[in-house]
Amino acid sequence: ACTGFADAARKIISEEKKYLLGNIVSLAEKIYGSGGNFIFFKAEPGLYGKLMEKGIMIRDCKNFTGLKEGYYRIAVKNR
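Attention here is on the structure that accompanies the text. (Residues numbered from 1 in each chain as written. Predicted model: local features only at pLDDT ≥ 70, side-chain atom pairs only at ≥ 80, totals over all residues. Heavy atoms only, no water.)

## Here we look at the pairing of strand β2 (residues 38-43)
Then step 1. For β2, a buried count of five out of six residues is recorded, marking the element as mostly surrounded by other parts of the structure.
Then step 2. Judged from the five bridges that link them, β2 and strand β4 (residues 71-75) form a sheet pairing that is antiparallel. Directly across from Phe-38, in β4, lies its bridge partner Ala-75. (Buried < 20%, exposed > 50% of the residue type's maximum accessible area, 1.4 Å probe, protein only. Helix = DSSP H or I, 4+ residues; strand = E, 2+ residues; numbered from the N terminus. Pairing = 2+ DSSP bridges.)

## Some words on the packing of aromatic side chains
Then step 1. Taken as a whole and assessed by the stated rule, the structure comprises four aromatic pairs.
Then step 2. Ring geometry for Tyr-32 versus Tyr-71: centroids 6.1 Å apart, planes at 35°, classification tilted. Here the residue Tyr-32 occupies a position in strand β1 (residues 28-33), and Tyr-71 occupies one in strand β4, the gap between them amounting to 39 residues.
Then step 3. A relative accessible area of 40% places Tyr-32 in the partly exposed class.
Then step 4. With a centroid separation of 5.7 Å and 35° between ring planes, the pair formed by Phe-41 and Tyr-72 is classed as tilted. One end of the pair, Phe-41, is in strand β2; the other, Tyr-72, is in strand β4, and 31 residues separate them in sequence. Note on accessibility: Phe-41 and Tyr-72 belong to one class, buried.
Then step 5. Three or more aromatic residues joined by ring pairs form one cluster here, namely Tyr-32, Phe-40 and Tyr-71.
Then step 6. One residue, Arg-73, lies across the ring of Phe-38, its end atom 5.0 Å from the ring centre. (Phe/Tyr/Trp six-rings, centres within 6.5 Å; stacked < 30°, edge-to-face > 60°. Lys NZ or Arg CZ within 6 Å of the ring centre and 35° of its normal.)

Rendered as structure tokens:
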């Protein structure tokens, strides 16, 4: 039963990741990674606020060591 759930979860994450990547490409200057269930990318400073106004939550990574405004992470979830 657990393996069925894990397989289904991997399939959903894979499909949603493709959907997100397809939409982020137009916003991102560079996509750095998407190995887990999130996508890390660089885009225009201020994107965080613009997306929050539309109810889209992303992680502003400017307080991560070595990063500045314009670096973001978005979790892969269902639409």
